[in-house]
Amino acid sequence: MRRIVDFLRRTRRAGNGRPPHRTYPRRGPWAHGLVLAAVVALPALAGATEPAGLATSRADLTAKDKARVDAITRPTSDFSRPEQFELMQGGAGTSRKQVNRDAFSQSSANISFEEESNFKLGNGFFTKIWVSSPSSTQASDGLGPLFNERACQNCHLKDGRGHPPRGDAGSTSMFLRLAREASTAEEKALLADRRVLNFPDPTYGGQLQELAVPGLRGEGRMSIVYEEQPVTLGDGSIVSLRKPSYSVADPGYGPLDPRTTLSPRVTPPMIGLGLVEQIHPADILAHADPDDRDGDGISGRPNIVRDAISGELTLGRFGWKAQTPSIRQQAADAFAGDIGISTPEVPKHWGDCTKAQKDCLAMPNGVQPRLGDVEAPPPIMDLVTFYSQNLAVPARRDIGKPDVLAGKKVFYGLGCPACHTPKFVTRRDAPNKAQAFQLIWPYSDFLLHDMGEGLADGQAVGDATGSEWRTPPLWGIGLTQTVNGHTFFLHDGRARNLTEAILWHGGEGRKARDRFAAASATEREALVKFLESL
């Protein structure tokens, strides 16, 4: 225990407000007690009680419940048939509706009739087109002044996965995040106390916004250049990977700060978010392995962030770097950063405009006093949050087919579950019973992993370093082509198919990647079939 406390003390004393790079915690299934103590040691050092968002045990379960949860979530060793309940990967809320382009847009199957009405109203605001101020449609103005899109749905296409720009079509569902590390003692103190995640570009803010309301110019355009890199597999076959390079073309407000890093992010699928929100923090934290005691070379660290509303430390679980603790906060950040709409959680009436962009700040905003102090008042946030919490996970397909079962065996044999944890049981005391005590199969541990220099963006976000990413859930990945008409994967869509996505794994994923590359063509094809069934 002393080693863990010492590690967290070093974290707080680090010169840049961040932990030293390779002393970061590592993940392993052994560490259910020691690691949890490590995670809560940080607030304990300040004399605080254990925050609810970093709880180290499941007080929501009886001893009998705990035994049931442990049994049902134990990794399987039988690949001759599907596991019990495996078809319903989103629990009782799993959608069994016809598989088509709307497969990610269905409501949870176990919500009430009244909640279904709220879901539809939330969908209305999610697809709502915002306009610039002033406008005759006063309940819909406030767009920008700088923005990336005019509606949530325009980025989260069909509630699914975004993609890189195609030709001259613009970056509708992929953005460049802009950030730099701390440079002053004051900034380092803010980072160390988790008051901020990083620092925006002084001129362009935290995100490059290509669009602007009339009278302003956009901030510039994302430019991508790809370089093809051949990879030879164990059987002699060759796969070409495309390595992207990013820059900002036609910057509208002068050069970016030389310290600013560019991090491309495609919009992730929206399904199952409410279930992820109700995974007990103790179950996520239990998968961390601070010192790689099991020697498997796999590290998994939580991104511990400060809840913007309560001010308490809690577990980040959303976003490509697990930087956001709740769906409501994720929605508020997107309203402000992507559309330029203020909310009670992020009351920025001019969105991401900076002090250097004086013309932007001089533009009218869309606040209507009769409707509230922000452009998207609490009722809108309530409905958008509910909608986002209740987008159903589609049912699995072909789970009993021999090639899918064979692929599942390969998945386990390569060591993929070391990061892509197959299943959890959500908390019994979830606020909405639709998400309570559900066996779910997200195939993610929701922890940060160093994925190597090949995937590194160089951008630190909270505890996440420039080479660390949250393990993305895999449920629904096999329907990407059906819903979104493409098969671009990873944080920036560089992988054009699942094989390329696996071959890009480096760092902690390198061993699994090398085993995949050395596998037979039959085994590789079976693994892809398994992933396509999710």
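What you see is a predicted model, and the numbers here were worked out from it, not measured in a lab.

J.: Please explain the nonpolar core as it appears in this structure.
T.: Looking at soluble globular proteins, one finds that nonpolar side chains tend to be buried together. In this structure, W130, F335, I339 and W475 are the most contacted members of the largest nonpolar core, which totals 53 residues. Elements that contribute at least two residues to this core include exactly α4 (113–126), β1 (146–147), α7 (273–277), α8 (281–285), β8 (313–316), α9 (327–339) and α11 (378–389). The element contributing the most residues to this core is α9, with six residues. Excluding anything up to four places from it in sequence, W475 contacts Q89, G90, I271, G272, L275, V276, V393, I440, W441, P442 and L534.

J.: What's the story with the environment of F199 in this structure? I'm lost.
T.: Structurally, F199 is set in the loop between α6 (185–192) and β3 (211–212). Through-space distance from the C-alpha of F199 to that of K358 is 20 Å; in sequence the pair is 159 residues apart. Discounting residues that sit within four places of it in the chain, F199 has contacts with L178, A179, R180, E181, A182, E187, L190 and L191.

J.: What is the right way to read the environment of L197 from this model?
T.: Mapped onto the secondary structure, L197 falls in the loop between α6 and β3. We classify L197 as partly exposed; its relative accessible area is 29%.

J.: Help me out: how do you make sense of the state of the cysteines in this one?
T.: If you walk through the whole model with that rule in mind, you get one disulfide. The thiol sulfur of C155 is not disulfide-bonded, and the nearest other cysteine sulfur, from C152, lies at 7.6 Å. Cysteine C419 shares no disulfide, and the gap to the nearest cysteine sulfur, in C416, comes to 8.7 Å.

J.: What exactly am I supposed to notice about the side chain of Q106 here?
T.: The residue Q106 is located in the loop between α3 (63–72) and α4 in this model. Within polar-contact distance, the side chain of Q106 engages the side chain of K97 at 3.4 Å. Beyond its immediate sequence surroundings of up to four residues, Q106 is in contact with S95, K97, F119, N390, L391 and A392.

J.: Would you mind going over the pattern of salt bridges with me for this structure?
T.: A side chain with one charge can pair with a side chain of the opposite charge if their charged atoms come near. In total, this model carries 30 salt bridges according to the counting rule given. D235 is the salt-bridge partner of R524, the closest N and O atoms lying 3.0 Å from each other. Of this pair, R524 sits in helix α16 (residues 521–532) while D235 sits in the loop between β4 (221–232) and β5 (238–249); the two residues are 289 residues apart in sequence, bridging distant segments of the chain. D235 gets classed as partly exposed once you look at its relative accessible area, which sits at 42%.

J.: Any chance you could explain the side chain of S388 here in plain terms?
T.: Examined against the element boundaries, S388 turns out to sit in helix α11. At a separation of 2.9 Å, a polar atom in the side chain of S388 contacts the main-chain carbonyl oxygen of V384. Those residues in contact with S388 that lie beyond four places of it in its chain are F126, M270, L273, G274 and I327.

J.: How do you make sense of the pairing of strand β2 (residues 174–179) when you look at a structure like this?
T.: Consecutive residues of a regular strand have side chains that alternate between opposite faces of the sheet. Burial analysis of β2 places five of its six residues in the buried class, which makes it a mostly covered element. Relative to strand β6 (residues 261–266), β2 is paired through six bridges, and the arrangement is antiparallel. Directly across from L178, in β6, lies its bridge partner L262.

So, how was this worked out
Residues numbered from 1 in each chain as written. Predicted model: local features only at pLDDT ≥ 70, side-chain atom pairs only at ≥ 80, totals over all residues. Heavy atoms only, no water. Core = buried A, V, L, I, M, F, W, Y, C linked by side-chain atoms within 4.5 Å. Buried < 20%, exposed > 50% of the residue type's maximum accessible area, 1.4 Å probe, protein only. Helix = DSSP H or I, 4+ residues; strand = E, 2+ residues; numbered from the N terminus. Contact = heavy atoms within 4.5 Å. Disulfide = S-S within 2.5 Å. Polar contact = N/O pair within 3.5 Å; in protein donor to acceptor, adjacent residues only side chain to side chain. Salt bridge = Lys/Arg side-chain N within 4 Å of Asp/Glu carboxyl O. Pairing = 2+ DSSP bridges.

Spatial relationships are all this shows, so hold off on functional conclusions.
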